[in-house]
Structure formats: C-alpha cells, structure tokens
Amino acid sequence: MPEKRINFTYPANKKETIMLATEFNSYLLQKKTWVIDGATGTNLLQRGLPAGSAPETWLLENPDGIIQLHRDFIESGSDIILTCTFGGTRTRLAHANLGEQVEEINHRAVELARKAAAGSTCLVAGSIGPSGEMLEPYGSLSAEIAFDIFQQQAMALLSAGVDLLVIETQFDLNEAQAAIQAVRCLSEIALVVSFSYDRGKRTMMGLKPESVVSALAGINIQAIGVNCGKSLETNLEVLRELNELTTLPLWFKPNAGAPQVDELGRTHYHISPQEMGAQAKIWVENGARLVGGCCGTSPAHLQAIAHAVHVD
C-alpha cells in the first residue's frame, strides 16, 4: 500500500497534548500497572441509549451522559479513558446518518473526554475501531480506501488533542495494518494496537497471537494487546502467549465474561466486579501492564480491578 503522507500540522493549542513513543515508555515506568477504563456501549445502553443506536449519537444528543460515564470511570480508578469514537469512521457513522460529520463527532468526543478528565491526571486515548466493512478479497473494501477512512478519523482525533491513540478490537491483519499506516503517516504519537480473539485463541479471521506479533514486529507501536473476545479464560491464554512472544507492554481489556442473551433478547455479562478484581491480579502476574475491561465492564468492575492491581 503506498503511503500517502500529508502535511498535517497540530493546532498550536493541541500539539503539547500528544504523547510520543519515548514519553509513553517513560510514563509506563512510573508504576507497574496502569488502569484503563471499562465498556462504553454496554454502559450507555444501561443508562438509556436506545437499543440499536450508535453510542456516538449521544455525543450530540446527550453529552452529559458521555461525560458522566467518563467521570465514573475516572473516579473508579482509571488512569486512561478512551474516547467514545469506536465507531468514529465514516463507514460506521454512515449507519447513524452521521457519515458526513466525522470531524465534528471525533472532535466532540475528545472535548467531552477532556472535560471529564479536567483536574485529574487521567490520559485521553482516541479510540479507533474496525471500519465495519470487510477488506478484499472477502469484501468490497480496498486497502487503499481503508487507509483513507482511518486517516480521516485519526486526523480528527489528533487535531482535537488526544494524548495517545488506540487501534482496538481488530481481527483482520490487513485492516489493522492500514489503520497503523494511516496514523503513522500523520504522527509519531504513542500508539496501542489491540486484537479481539473471539474464536478461542484466534480472531474472527483466524489470526493467532504469534501471527499478529510476527506481522507487527518492527512497526512503531508502543503496546500490543487483547480486548473484547469471549471468556476470561481464553483471553488469559492469549495474554500468556503474548507475554512469551513479545517484549512490548501488554494491553489487556477483556469482556466481563462471555455474553449471554436472555429470553427478551437482552445481552448480559455474568462476571461480577469481585470476580473481575480477583482475575485482574492474575492478568498482571501474566504480564499485563495496562488493564481494564471491555463489554459488560461497569464502573464497579473497574473499581474492583483498580483496587486489586494497586494493592501491594
């Protein structure tokens, strides 16, 4: 894929907010374990987001709800919060009739996260999720168009002033590489890349941890990890493999157990905050440096995780 480097310049009042690779490495040395936040979508659904609605719609319709969730995670112990931009590419936003508002949506998300984090030491990480489309040859999206889609979102997040970027819930190596290249053509900002292993110890596209580590070796990323997936047990197995395969800091943000659907079609996650906290100690013992939770992880879960990993 040809690199389409563009002349991107940070606004004067935003340039000082970004954390470069060396700064992120120094940041990690300040303590053994850092706490990420919990779930965005599942928590917003519990707080009134209509089923089937994109969480990004609340950036415009209920900004106070977004701010409150961020604050709840910070008060529960988060050192890093992710912006509400998992679906912030134009391809995903189009499903919510927001495809023409990529810059506005991503800027708004950073603004609200910054407002929530004001007065704290919490970092704001820009979340970049999958495009929502399948790349060729399994779908119609070309690698070049994927690159452009991710670069558009990354530029919006960077210009809004995030501290670092997180390319998360990846399952296709080609798509992840397009996103990484899109970021690196713009900035040397600290970058985390996390895959979702939801087929046992493989991603939806069949990728194993060793394949991911091998493909990303030598690429300028500051942490690699696991998020979402299914059971805590299989995610832990992936974490253990990653710990054997790489010296990069490990990011670990699993679901609160496997999702279960009740008779009314509602999805539940059965792992309690106490169980999640107990598990968090094991994650750290197996190499995780940055820990939090994905789907089903409430502020109560996050508080239990933070307490567990910060107890000597």
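The present account deals with the structure reproduced in this document. Starting from 1, residues in each chain are numbered consecutively following that chain's sequence as written. The model is predicted, so local features are restricted to residues of pLDDT at least 70 and side-chain atom pairs to those at 80 or more, both for listing and for counting; the totals for chains, interfaces and linings are taken over all residues. Water and hydrogen atoms play no part in the side-chain values, which are based on all heavy atoms of the structure.

Observations concerning the packing of aromatic side chains
To describe a pair of aromatic rings, one takes the distance between the centres and the angle between the planes. Only Phe, Tyr and Trp rings are paired, with Trp represented by its six-membered ring, and only when their centres lie within 6.5 Å; those with planes under 30 degrees apart are stacked, over 60 edge-to-face, the remainder tilted. In total, this model carries three aromatic pairs according to the counting rule given. With 6.2 Å between their ring centres and 25° between their planes, Phe 24 and Tyr 27 make a pair best called stacked. Taken as a pair, Phe 24 and Tyr 27 lie in helix α1 (residues 21-28) at a separation of three residues, close to a single helical turn. Tyr 27 matches Phe 24 in its accessibility class, with the two residues each being buried. Ring geometry for Phe 252 against Trp 283: centres 5.1 Å apart, planes inclined by 70°, an arrangement best described as edge-to-face. Only DSSP runs of H or I with at least four residues qualify as helices, and only runs of E with at least two residues qualify as strands; both kinds are numbered from the N terminus onward. Here the term buried applies to any residue with accessible area under 20% of the maximum for its type, exposed to any over 50%, and partly exposed to those in between, with areas from a 1.4 Å probe on protein chains only.

Details of empty space enclosed by the protein
Here a cavity is any set of points on a 1 Å grid over the protein atoms alone where a 1.4 Å probe fits but cannot get out, and a pocket is any open set with protein on both sides within 12 Å along at least 5 of 7 lines; a residue lines the site when it has an atom within 4 Å of a point. Grid points are joined across faces, edges and corners, and a volume is the space filled by probe spheres set on the points. Scanning the model with the defined rule gives one cavity of 30 Å³ or more in all. Taken as a whole, the largest cavity spans an internal volume of roughly 40 Å³. For the largest cavity, the full set of lining residues is Asp 37, Thr 40, Leu 44, Ile 66, Leu 69, His 70 and Phe 73. When residues of the lining of the largest cavity are assigned to their parent elements, the largest contribution, four residues, is made by helix α4 (residues 63-76). Residues that form the lining of the largest cavity fall into these classes: four nonpolar, two polar and one charged. Amino acids outside the nonpolar list (Ala, Val, Leu, Ile, Met, Phe, Trp, Tyr, Cys, Pro) and the charged list (Asp, Glu, Lys, Arg) are all regarded as polar, and Gly is one of them.

Points about the side chain of Thr 246
Considering the arrangement of structural elements, one finds Thr 246 in the loop between α10 (232-245) and β7 (250-254). Given the relative accessible area of 16%, Thr 246 is considered buried. Polar contacts, as used here, are pairs of N or O atoms within 3.5 Å; protein pairs need one atom able to donate a hydrogen and one able to accept it. Residues neighboring in sequence count only if both atoms are side-chain atoms. At 3.0 Å, the side chain of Thr 246 and the backbone nitrogen of Leu 248 are in polar contact.

A word on the environment of Thr 169
Here Thr 169 shows up in strand β4 (residues 164-170). Once the C-alpha coordinates of Thr 169 and Leu 158 are considered, the two residues, eleven residues apart in sequence, prove to be 20 Å apart. Pairs of residues are marked as contacts when any of their non-hydrogen atoms sit within 4.5 Å. Filtering out sequence-adjacent residues up to four positions away, Thr 169 remains in contact with Phe 86, Pro 130, Ser 194, Ser 196, Asn 227 and Cys 228. A polar side-chain atom of Thr 169 sits 2.7 Å from a polar atom in the side chain of Asn 227.

Details of the pairing of strand β5 (residues 191-195)
For β5, the tally of buried residues reaches five of five residues, placing the bulk of the element in the interior. Side chains Leu 191, Val 193 and Phe 195 project from β5 onto one buried face, and the interleaved Val 192 and Ser 194 project onto a second face that is buried too. Should DSSP find at least two bridges between two strands, the strands are regarded as paired. Examined bridge by bridge, β4 and β5 share four bridges and lie parallel to one another. Bridge pairing in β5 links Gln 170 to Phe 195. Regarding topology, helix α8 (residues 173-184) serves as the crossover connection from β4 to the parallel β5, and that connection is right-handed. You can see the chain leave β5, run along helix α9 (residues 209-216) and come back into strand β6 (residues 223-228), and the turn it takes is right-handed. Orient the strands so they point away from the viewer, and a crossover whose first-strand-to-second-strand path over the helix runs clockwise is right-handed.

Looking at helix α7 (residues 143-160)
Here α7 contains 18 residues, and its C-alpha end-to-end distance of 26 Å stays within 8% of the 26 Å for a straight helix at 1.5 Å per residue. Listing the buried residues of α7 in full gives Ala 146, Phe 147, Ile 149, Phe 150, Gln 151, Gln 153, Ala 154, Ala 156, Leu 157, Leu 158, Ser 159 and Ala 160. Elements in contact with the buried residues of α7: α5 (90-93), α6 (102-117), β3 (123-128), β4 and α8. Positive phi shows up at Gly 161, right after α7, with a value of about 100°. Any helix carries an expected span of 1.5 Å times its number of residues minus one.

What about the sheet that holds β7?
Taken together, eight strands build an open sheet; the order of strands is β1-β10-β7-β6-β5-β4-β3-β2 and the sheet is parallel. This sheet does not close on itself; its edge strands, each paired only once, are β1 (34-35) and β2 (80-82). Lines fitted to C-alpha atoms define the axes here, with helix axes fitted over just the stretch in contact, and angles between the N-to-C directions of these axes take values from 0 to 180 degrees. Sitting on the sheet, α1 is in contact with β1, β2, β3, β4, β5, β6 and β10 (288-291), with an inclination near 95° to β10.

Some thoughts on the pattern of salt bridges
For side chains bearing opposite charge, pairing can occur when the charged atoms are close. Throughout this description, the term salt bridge denotes a Lys or Arg side-chain nitrogen within 4 Å of a carboxyl oxygen of Asp or Glu. This model, assessed by the stated rule, comprises eight salt bridges. For the salt bridge of Arg 108 with Glu 111, the shortest nitrogen-to-oxygen distance reads 3.0 Å. Of this pair, Arg 108 and Glu 111 both sit in helix α6, separated by three residues, roughly a single helical turn. Among the ionic pairs, Arg 114 bridges to Asp 163, the shortest N-O distance being 3.1 Å. Note that Arg 114 is positioned in helix α6 and Asp 163 in the loop between α7 and β4, a separation of 49 residues in sequence.

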